[in-house]
Amino acid sequence: MAFRFRIPNIGFRKRMSWSDFTVACIVGVLAGIYTFKPGLQQAKDEIERREALKEIQARRKAEMEQDRPTQTAWLSLFKRIVKNSNTRYSLLWLTGGLLFCLYASDKAVLSQFQLENGTLLGGPVEIPLTVNLRQLNSITNGLAQVQEGAAAVDNNEPVPYSFYIDEIEIKESLEKYFEEQANKQMFEKTLNIVCVPKARFQVIPVERCTATIEGHLEAITVLQFSPNGKLLASGSGDTTVRFWDLNTQTPFDEYGKAHRHWILCLSWAPNGKMVASSCKQGLIGLWIGATGKQHGTKLLSGHRQWINSLSWQPLHLNGSCRLLASGSKDTTIKIWDTHLFKTVFTLSGHTASVTCVKWGGQNLLYSASQDRTIKVWRTTDGVLCRTLEGHAHWVNTLALSTDYVIRTGAYEPSKERASDEYDHLDESTLQTLASERYEKVYKLFDTNGGERLVSGSDDFTLYLWKPETDKKPLARMTGHQQLINDVKFSPDTRLLASASFDKSIKLWSSRTGAFLSTLRGHVQAVYQIAWSADSRLLVSGSADSTLKVWNIEKRCLLFDLPGHADEIYAVDYSPDGQKVASGGKDKVLKLWRR
């Protein structure tokens, strides 16, 4: 019997036997079971996943129920803090402080503080870029006090500092410095900040003439204050040496009348007890500074022509300051014993006029000459140590980095001790005080110590030397357009100032010889310059009959002081910073005060 069925999608009929139908059913059942098994396994997995998820949610719900009391307590505490005005403001300040610290920490730099001679002040410290000069001073004083000990700091009085990075001074803050040096490449390294100590006191600039004193009958060629600034001596073309009482602003009754020719040089002994003068006849006179009377009965003679320069033995080497050096037109240098009135050494070696002599703090004598050389002599036996060569014309002037401390001897302007007290100290005490002051200045350039020498010439250049050890110059400084008439180190030894016939004054770095600035204002040749005791002011005298006071920090003219009727040949700033004296072709001495 045939079984007939209809396939819906196929439009034809087909006969099938029962055996074929049975086989087809079995095959269909087996295929369905095979395809249904994976789906069944997936369904089981989905059921297990949902059950596990329910268990996790149940555990989390239980944990939240346990933590709810603690969270509620913290929330209630925060609400009470916010509701209380005092605690609310404290919270705001705390938040602001934390935000500022985060900001500052993002703008901080690792810095190493050090002195000019290379001495490190502690280790590297991280400071924010927003730190200002007052804060830098506090950091530096703290580091210095920790390193040197509290006993090394005078009464724990803070020392003012100026700060330099690569010879460029920080004016306001580190951030301002980096803004100004935006074109400079900065790498990830420790920033070296050089700390330069400044004077604890500040000199008030002079601004008016307080006295015009007559006495000399000819032009005043030279003048100088005593080491403590209480007395003043002047030399003139009238062949006299006069001493002036600065309290009454009148000349002493006694004065030097032994010379018979123009007074060319004048120099106070570092102990302030004696003054030496020289004239165009080549004679040297000695005078008692306190009275103006002549020391001894005769003038020192030995030079065959006039004397261009005088220099006393430093106080820290000899408490009595009995030795004196003189350089003459006759090409020789003589060292005199002012107690025995005789020559100790005659130093011959120059082939032309000796224009300047300087007695250094290490018992070396430096001499400049028109033979274009500078010679270094050992004063203990008169031996020539070395000759410094480089200039192409006459060498006119010399300056030592220790000139100021040698000139003032034991007198310290920053101390509160009255200057009259120094008159009652014995020679050994004065020598000890002078030695302490000298050692501090001597070690400013190097931890091992060292003096620097600068020379000015008719070749319009200056040379910077380390004369104790080297024959080669450290730097050659060019820029002046006329011959250089005067050059001086600042009392803190940081700067050099040079005066020229080109009507300008130039400032230089005493470490590298780098040019810093030009001070213009005079309309005639600048003859002489003088520093204030705190190194912040400079006064200059010129052929245009005016004095000018310059602000060194701002590199600008501070005061213009007219008053003289003719050229100003000599000017000096008192070591105590109280006054300036000037003299010139109009034969009068003028005192200037604040």
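Everything numeric here is computed off the predicted structure, so don't read it as measured data.

J.: Explanation requested: unusual backbone geometry in the structure shown.
T.: The phi angle of most residues is negative, glycine excepted, and most peptide bonds adopt the trans form. Phi at Arg372 is positive, roughly 75°, even though this residue is not glycine. Among the structural elements, Arg372 can be located in the loop between β21 (364-369) and β22 (373-378). With relative accessibility at 44%, the residue Arg372 sits in the partly exposed group. At Phe460, a position not held by glycine, the phi torsion is positive, near 75°. Mapped onto the secondary structure, Phe460 falls in the loop between β25 (453-457) and β26 (462-465). On the basis of relative accessibility, which here comes to 33%, the residue Phe460 falls in the partly exposed class.

J.: I'm lost on the UniProt feature "repeat: WD" (unreviewed entry) in the protein in this one. Help?
T.: Listed under "repeat: WD" (unreviewed entry) in the UniProt record, and renumbered for this structure, are residues 213-254, 256-287, 300-337, 347-387, 477-518, 519-553 and 561-594. Across residues 256-287, the secondary structure splits into 0% helix and 50% strand, with the terminal C-alpha atoms separated by 7 Å. Here residues 519-553 is 0% helix and 57% strand, with 12 Å between the C-alpha atoms at its ends.

J.: What should I look at first to understand the pairing of strand β23 (residues 383-389) in this one?
T.: On any regular strand, side chains alternate: one points to one face of the sheet, the next to the other face. Looking at chain direction, β22 and β23 are connected through six bridges and run antiparallel. Looking at the pairing, Trp377 lines up with Leu384 of β23. The hairpin formed by β22 and β23 contains four residues between the paired strands, and Gly382 there has a positive phi angle of roughly 80°.

J.: Looking at this structure, I do not really get helix α6 (residues 427-442). What am I missing?
T.: Every α-helix carries 3.6 residues per turn, so stepping three or four residues along brings you back to the same face. Over its 16 residues, α6 runs 22 Å from end to end, which matches the ideal 22 Å to within 8%, given 1.5 Å per residue. Of the positions making up α6, those classed as buried are Leu430, Ala434, Arg437, Tyr438, Val441 and Tyr442. Projected onto a plane normal to the axis of α6, the buried residues spread over an arc of 135° and lie on a single side. Its buried side turned inward, α6 meets α5 (403-408).

J.: Just checking my understanding: could you explain the nonpolar core for this structure?
T.: Note that soluble globular proteins tend to have their nonpolar side chains buried in a common cluster. Grouped together as the largest cluster of nonpolar side chains are 21 residues, with contacts concentrated most on Phe113, Ile127, Phe163, Leu174 and Ile193. If near-sequence neighbours (up to four positions away) are discounted, Phe163 is found in contact with Phe113, Leu133, Leu136, Asn137, Thr140, Ile168, Glu169, Ile170, Ile193, Val194 and Cys195. In terms of nonpolar packing, the next biggest core, distinct from the first, is built from 17 residues, Cys265, Leu310, Trp312 and Trp336 among them.

J.: What exactly am I supposed to notice about a negative patch on the surface here?
T.: A cluster of acidic residues, Asp45, Glu48, Glu51 and Glu55, forms a negative patch on the protein surface. Looking at where Glu51 falls in the secondary structure, it is placed in helix α1 (residues 18-83).

J.: What am I meant to see in the side chain of Thr332 here?
T.: As for its placement among the helices and strands, Thr332 is situated in strand β18 (residues 332-337). Classification of Thr332 as buried rests on a relative accessible area of 8%. In this structure the side chain of Thr332 is engaged in a polar contact, spanning 3.5 Å, whose partner is the side chain of His303. A polar contact of 2.7 Å, which involves the side chain of Thr332, links it to the side chain of Asp330. Excluding anything up to four places from it in sequence, Thr332 contacts His303, Ser326, Gly327, Thr346, Leu347, Ser348 and Val354.

J.: Please explain the pairing of strand β3 (residues 108-115) as it appears in this structure.
T.: Judged by how many residues are buried, β3 sits mostly within the fold: six of eight residues are covered. Sheet topology note: the β3/strand β4 (residues 125-128) ladder contains four bridges and is antiparallel. Bridge pairing links Ser111 to Val125 in β4. Inspection of the sheet shows β3 paired to strand β7 (residues 191-197) by five bridges, in the parallel sense. Within β7, the residue paired with Ser111 across the bridge is Leu191.

J.: Which parts of the structure should I look at to understand the packing of aromatic side chains?
T.: We describe a pair of aromatic rings using the distance from one ring centre to the other and the angle between the two ring planes. Enumeration according to the criterion identifies eight aromatic pairs in this entry. The interplanar angle of 70° and the centroid separation of 5.5 Å between the aromatic rings of Trp508 and Phe515 together place this pair among those described as edge-to-face. Centre to centre, the rings of Tyr527 and Tyr569 are 5.9 Å apart; their planes meet at 45°, and the pair counts as tilted. One end of the pair, Tyr527, is in strand β32 (residues 526-531); the other, Tyr569, is in strand β36 (residues 568-573), and 42 residues separate them in sequence. You can call Tyr569 partly exposed: its relative accessible area is 28%. Taken together, Phe243, Phe252 and Trp268 form an aromatic cluster joined through their ring pairs. The ring of Tyr255 carries Arg242 above its face, with NZ or CZ at 4.0 Å from the centroid.

J.: Even after reading the chapter, I still don't get the confidence of the model for the protein, so can you show me in this structure?
T.: The predicted structure's coordinates, where accompanied by low pLDDT, should not be read in detail. In the predicted model, the protein carries a mean pLDDT of 84, and 81% of its residues have values of at least 70. Within the model, pLDDT remains below 50 along residues 1-15, and this stretch shows 10 contacts once partners closer than five positions in the same chain are excluded. Contacts from residues 150-155, a stretch scored under 50 in pLDDT, to residues over four places away or in other chains number five contacts.

J.: In this structure, what is going on with the environment of Leu519? I would like to understand it.
T.: Its place among the elements puts Leu519 in strand β31 (residues 515-520). Between the C-alpha atoms of Leu519 and Asn551, which are 32 residues apart in sequence, the distance is 9.7 Å. Beyond its immediate chain neighbours, meaning those up to four positions away, Leu519 contacts Ser504, Ile505, Leu507, Leu538, Trp550, Ile552, Arg555 and Cys556.

Criteria and thresholds
- Residues numbered from 1 in each chain as written.
- Predicted model: local features only at pLDDT ≥ 70, side-chain atom pairs only at ≥ 80, totals over all residues.
- Heavy atoms only, no water.
- Helix = DSSP H or I, 4+ residues; strand = E, 2+ residues; numbered from the N terminus.
- Buried < 20%, exposed > 50% of the residue type's maximum accessible area, 1.4 Å probe, protein only.
- UniProt positions renumbered as here; feature names shortened; annotations may be inferred.
- Pairing = 2+ DSSP bridges.
- Expected span 1.5 Å × (residues − 1).
- Arc of directions from axis to C-beta.
- Contact = heavy atoms within 4.5 Å.
- Core = buried A, V, L, I, M, F, W, Y, C linked by side-chain atoms within 4.5 Å.
- Patch = residues over 30% accessible without salt bridge, like charges linked within 9 Å, V, L, I, M, F, W, Y side chains within 5 Å.
- Areas by Shrake-Rupley, 256 points an atom, 1.4 Å probe, with all protein chains shown as cover.
- Salt bridge = Lys/Arg side-chain N within 4 Å of Asp/Glu carboxyl O.
- Lys, Arg positive; Asp, Glu negative; His and termini not counted.
- Charge placed at Lys NZ, Arg CZ, Asp CG, Glu CD.
- Polar contact = N/O pair within 3.5 Å; in protein donor to acceptor, adjacent residues only side chain to side chain.
- Phe/Tyr/Trp six-rings, centres within 6.5 Å; stacked < 30°, edge-to-face > 60°.
- Lys NZ or Arg CZ within 6 Å of the ring centre and 35° of its normal.
- pLDDT = per-residue confidence, 0-100.

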